[in-house]
Amino acid sequence: MKLFRTFAIAALAMISGSSAEAGVYLFGNIPTSGTGITGGSNSTIQNANTRSALGFTVGANSVTVDEVRLILDVDSAQYPGASDSFAMGLGIYGNASGVPNLSSSLGTASATVTTAKSNVLFSFGNGVVLSANTTYWIVPDTPGAKWYTSTAPTAQSSSGITYVFSQDGSTFSSPTWTDIGSNMTVALFGSVNNSEVPEPALTSLLCLGGVALIRRRMKK
């Protein structure tokens, strides 16, 4: 029994140690800091009268999103009084037939957007867990910023996340969504949760523990 317990403890240690790759760049088209973007330009996608959204599908493993970064600056023409900066909200939402489901918020965060083009960090505290093989949307919850465009965001760190497309809403409160025709800037940071499928080494360890227990009982 002591031998089996030893194998079991080792297996549990492997489970806790290999369940996630923490603090990785999961998905995007911008650097971890700074405002450099490939093929980027100003685009007033998000403004006072409409809202926009960027969709992505999680890969074979679930992910936990801790941070979202966007390249933004204040659109003072659309947001009167925001000549220097303003607080902007951001949410992660579920999917409803290919468009954001604004009634299914999974997490929200806020950050200060300034008149200068900047890499704006939205932190989600304990993180937002997103299921494998499921589509989600990043949607600003506050109008008044220019969301920059770039080449299409791609999976980073072998996360398996794929880009859907960007949508523009006809109004801010109750949008009718249409494909925006350009790729907005984004970066997702967090962890890839690998606990869905046991690692070969973990499976072998559990098998050895089981064999040891069976042999001990047979001797009795």
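In case you missed it, the structure is sitting above this.
Note that the structure is a prediction, hence the values are computed from the model and not measured. (Residues numbered from 1 in each chain as written. Predicted model: local features only at pLDDT ≥ 70, side-chain atom pairs only at ≥ 80, totals over all residues. Heavy atoms only, no water.)

A. View of the overall build of the protein chain. The secondary structure content of the protein chain amounts to two helices and 14 strands. Taking all 220 residues of the protein chain together, the buried fraction comes to 43%. Put simply, 84% of the contacts in the protein chain that link residues at least 6 apart link residues at least 24 apart. As displayed, the protein chain offers around 10400 Å² of accessible surface, 54% of which is attributable to carbon and sulfur atoms. (Helix = DSSP H or I, 4+ residues; strand = E, 2+ residues; numbered from the N terminus. Buried < 20%, exposed > 50% of the residue type's maximum accessible area, 1.4 Å probe, protein only. Contact = heavy atoms within 4.5 Å. Areas by Shrake-Rupley, 256 points an atom, 1.4 Å probe, with all protein chains shown as cover.)

B. Region of the structure containing the packing of aromatic side chains. On inspection of all chains with the given rule, the structure shows four aromatic pairs. Aromatic pair Phe 56 and Tyr 136: ring centres 6.3 Å apart, planes at 35 degrees, arrangement tilted. Taken as a pair, Phe 56 in strand E2 (residues 52-57) and Tyr 136 in strand E7 (residues 135-140) lie far apart in primary sequence, 80 residues in all. For Phe 56, a relative accessible area of 0% corresponds to the buried category. Here the aromatic cluster, defined as three or more aromatic residues joined through ring pairs, consists of Phe 27, Phe 56 and Tyr 136. The ring of Phe 172 is capped by Arg 51, whose NZ or CZ atom sits 4.3 Å from the centre of that ring. (Phe/Tyr/Trp six-rings, centres within 6.5 Å; stacked < 30°, edge-to-face > 60°. Lys NZ or Arg CZ within 6 Å of the ring centre and 35° of its normal.)

C. Seen up close, unusual backbone geometry. In this structure, Asn 133 is a non-glycine residue whose phi angle is positive, near 55 degrees. Note on placement: Asn 133 falls in the loop between strand E6 (118-130) and E7. Under the relative-accessibility criterion, Asn 133 is labelled exposed at 60%. A positive phi angle is found at Ser 157, which is not glycine, with a value near 55 degrees.

D. Summary view of the sheet that holds strand E11 (residues 162-169). Taken in spatial order, the six strands of this open sheet run E5-E4-E7-E2-E11-E12, and their pairing is antiparallel. Single-partner strands in this sheet number two, and they are strand E5 (99-114) and strand E12 (177-179). Between one strand and the next, the sheet's axes are offset by a mean angle of 30 degrees, whatever the strand orientation. (Pairing = 2+ DSSP bridges. Axes fitted to C-alpha atoms, helices over the stretch in contact; angles between N-to-C directions.)

E. Structural detail: the pattern of salt bridges. Scanning all chains against the criterion turns up one salt bridge. For Asp 141, the salt bridge is made with Arg 51, and the minimal N-O distance between the two is 3.2 Å. Taken together, the residues Asp 141 in the loop between E7 and strand E8 (145-147) and Arg 51 in the loop between strand E1 (20-28) and E2 connect sequence positions 90 residues apart. A relative accessible area of 24% means that Asp 141 is categorised as partly exposed. Residue Arg 51 is classed as buried on the basis of its relative accessible area, which comes to 7%. (Salt bridge = Lys/Arg side-chain N within 4 Å of Asp/Glu carboxyl O.)

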